[in-house]
Amino acid sequence: MTPVSKFRAFNGALSVHDHDSAVTGTSMRFAVFVPPQAEAGLVPVLWYLSGLTCNWSNVMEKGNLQAAAARHGVIVVAPDTSPRGEDVPDDEAYDLGQGAGFYLTATQAPWSQNFNMDRYITEELPQIILDNFPADMSRQGIFGHSMGGHGALILHLKHPKTYKTCSAFSPIVAPSQVPWGHKAFTAYLGEDRSNWAEYDACALMRKQASQAHILIDQGMADNFLEEQLKPELFEAACAESGQKLTLRRQAGYDHSYYFISTFMDDHIAHHAGALKR
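Residues numbered from 1 in each chain as written. Predicted model: local features only at pLDDT ≥ 70, side-chain atom pairs only at ≥ 80, totals over all residues. Heavy atoms only, no water.

Student: Go over the pattern of salt bridges, please, and point to the residues and values.
Tutor: Using the criterion set out here, one finds eleven salt bridges in the structure. Arg 71 is paired through a salt bridge with Asp 265; the nearest N and O atoms lie 2.0 Å apart. One end of the pair, Arg 71, is in helix 2 (residues 66-72); the other, Asp 265, is in helix 9 (residues 257-276), with 194 residues separating them in the sequence. Judged by its relative accessible area of 48%, Arg 71 falls in the partly exposed class. You can call Asp 265 partly exposed: its relative accessible area is 30%. Where Asp 266 meets Arg 248, a salt bridge forms, and the shortest distance between an N and an O atom there is 2.9 Å. With a gap of 18 residues between them, Asp 266 in helix 9 and Arg 248 in strand 9 (residues 244-250) connect regions that are remote in the sequence. On the basis of relative accessible area, Asp 266 is assigned to the partly exposed category, the value being 35%. Among the residues examined, Arg 248 registers a relative accessible area of 25% and is labelled partly exposed. By sharing partners, the salt bridges in this structure join Asp 217, Arg 248 and Asp 266 into a single network. (Salt bridge = Lys/Arg side-chain N within 4 Å of Asp/Glu carboxyl O. Helix = DSSP H or I, 4+ residues; strand = E, 2+ residues; numbered from the N terminus. Buried < 20%, exposed > 50% of the residue type's maximum accessible area, 1.4 Å probe, protein only.)

Student: Can you lay out helix 9 for me, pointing to particular residues and giving the numbers?
Tutor: Compared with the 28 Å implied by 1.5 Å per residue over 20 residues, the 27 Å span of helix 9 between its first and last C-alpha is a close match. The sharpest bend along helix 9 comes to roughly 50 degrees, located at Phe 263. The complete set of buried residues in helix 9 reads Tyr 257, Phe 259, Ile 260, Ser 261, Phe 263, Met 264, His 267, Ile 268, His 270, His 271, Ala 272 and Leu 275. The opening residue of helix 9, the one whose side-chain oxygen lies 3.2 Å from the backbone nitrogen of Tyr 258, is Ser 256. (Expected span 1.5 Å × (residues − 1). Bend = angle between axes of the 7 residues up to and from the residue. Polar contact = N/O pair within 3.5 Å; in protein donor to acceptor, adjacent residues only side chain to side chain.)

Student: Please provide a residue-by-residue account of the state of the cysteines, values included.
Tutor: In this structure the tally under the stated criterion is zero disulfides. Among the cysteines around Cys 166, which has no disulfide bond, Cys 238 carries the closest sulfur, lying 9.6 Å off. For Cys 166, a relative accessible area of 0% translates into the label buried. Not part of a disulfide, Cys 238 finds its nearest cysteine sulfur in Cys 202, a span of 7.7 Å. (Disulfide = S-S within 2.5 Å.)

Student: I'd like a rundown of the sheet that holds strand 1 (residues 2-9), residues and numbers included.
Tutor: Strand order in the open sheet made by the nine strands is 1-2-3-5-4-6-7-8-9, with mixed pairing throughout. Looking at the sheet topology across the chains shown, the edges are occupied by strand 1 and strand 9. The sheet shows a mean angle of 20 degrees between the axes of neighbouring strands, direction not considered. Sheet topology note: the strand 7 (residues 163-169)/strand 8 (residues 213-219) ladder contains three bridges and is parallel. (Pairing = 2+ DSSP bridges. Axes fitted to C-alpha atoms, helices over the stretch in contact; angles between N-to-C directions.)

Student: Explain the environment of Arg 84 residue by residue, including any values.
Tutor: Within the secondary structure, Arg 84 is located in the loop between strand 5 (75-78) and helix 3 (117-132). Since its relative accessible area comes to 30%, Arg 84 is described here as partly exposed. For the pair Arg 84 and Thr 26, spaced 58 residues apart in sequence, the C-alpha to C-alpha distance is 7.0 Å. Among residues more than four places away in sequence, those in contact with Arg 84 are Thr 26, Ser 27, Cys 54, Asn 55, Gln 98 and Gly 99. From its side chain, Arg 84 meets the backbone oxygen of Cys 54 in a polar contact 3.0 Å long. Within the local environment of Arg 84, its side chain forms a polar contact with the side chain of Asp 80, the two groups lying 2.7 Å apart. (Contact = heavy atoms within 4.5 Å.)

Student: Describe the packing of aromatic side chains, and please don't skip the residues or the numbers.
Tutor: Under the definition given, this model contains eleven aromatic pairs. Between Phe 115 and Tyr 188, the ring centres sit 5.5 Å apart and the planes meet at 25 degrees, which makes this aromatic pair stacked. Remark: Tyr 188 occurs in helix 5 (residues 179-189) and Phe 115 occurs in the loop between strand 5 and helix 3; sequence separation between them is 73 residues. Each member of the pair, Phe 115 as well as Tyr 188, carries the same accessibility label: buried. Taking the centre distance of 5.6 Å and the plane angle of 75 degrees together, the rings of Phe 185 and Trp 196 count as edge-to-face. Remark: Trp 196 occurs in the loop between helix 5 and helix 6 (201-207) and Phe 185 occurs in helix 5; sequence separation between them is eleven residues. Of the two residues examined, Phe 185 and Trp 196, each falls in the buried class. An aromatic cluster is present here, built from Phe 169, Tyr 253, Phe 259 and Phe 263 joined pairwise through their rings. (Phe/Tyr/Trp six-rings, centres within 6.5 Å; stacked < 30°, edge-to-face > 60°.)

Student: Describe the nonpolar core, and please don't skip the residues or the numbers.
Tutor: By size, the foremost hydrophobic cluster in this structure holds 65 residues, and its most contacted members are Trp 47, Ile 75, Phe 102, Ile 121, Ile 129, Tyr 188 and Phe 234. Residues Val 59, Phe 143, Phe 169 and Ala 272 belong to the second largest nonpolar core, which totals 27 residues. (Core = buried A, V, L, I, M, F, W, Y, C linked by side-chain atoms within 4.5 Å.)

Student: Explain the pairing of strand 7 to me, using residue names and the numbers behind them.
Tutor: With respect to burial, strand 7 is a largely interior element, six of its seven residues being buried. In this view, the connection linking strand 6 (residues 135-145) to its parallel neighbour strand 7 by way of helix 4 (residues 147-158) has right-handed handedness. (Right-handed = clockwise from strand over helix to strand, strands pointing away.)

Below, the structure is given as structure tokens:
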């Protein structure tokens with residue numbers, strides 16, 4: 001792990017690091033905010049997964065999370081959204097390739113060589129966090145935005161004992177049924193749609209609800225709402241499975257970090273309250 005930068009904020013520490021990843025075969029960069037309570041002992045860990053085109057900096061610089069994380073005493077880890085580099089496959093469009101990993105393990109060439117973001121986040125990066133930060137890995141939660149909200153939902157549903165709490169801002173809840181998902185899943189997973197269900201929150205929810213209370217905030221002025229996000233599909237899947245869900249439809253809010261920063265405190269409080277119990 002190589003330090004890149006470090007900043008003091010709200011009596012805690014925000015640090016950025018590079019490391020060589022065996023899972024992606026590339027150098028990966030991530031950021032961590034450690035609250036002041038960590039000076040006295042281990043604290044819970046929240047994983048924040050970013051959306052299309054983003055990296056660690058979007059939420060750390062625009063998400064308004066440090067004050068809430070310091071107040072509630074939680075570490076926040078912000079991984080990148082994909083492997084990156086000159087030798088890593090890419091696409092000219094913003095919604096495929098670098099910056100658009102979709103938190104899955106790709107099975108199709110050329111993506112399968114590097115695009116293993118679910119394994120990176122669930123297997124490799126947690127060990128680095130455990131080894132280098134005062135993290136209580138028995139108390140982990142996960143949340144994210146858009147593509148990252150998709151990632152948070154599927155990783156929680158696939159690993160409910162690891163990520164005990166879950167929330168999302170404007171998540172892609174049914175990628176198998178929307179254009180973003182059609183494009184990414186076809187490229188990364190192939191034409192056989194039976195393989196897509198493993199990375200579709202609605203499909204996973206219908207198989208097995210979790211014990212968590214999931215919180216979702218969705219802006220009703222979001223220009224991706226009707227075509228790409230479709231929160232009503234996840235709401236229906238949760239109702240079928242008996243999943244405890246709070247879906248808040250926020251009037252006038254869009255897809256931006258103005259929206260995310262407005263409700264960030266609520267989400268961190270949601271996680272911290274459950275993890276500390």
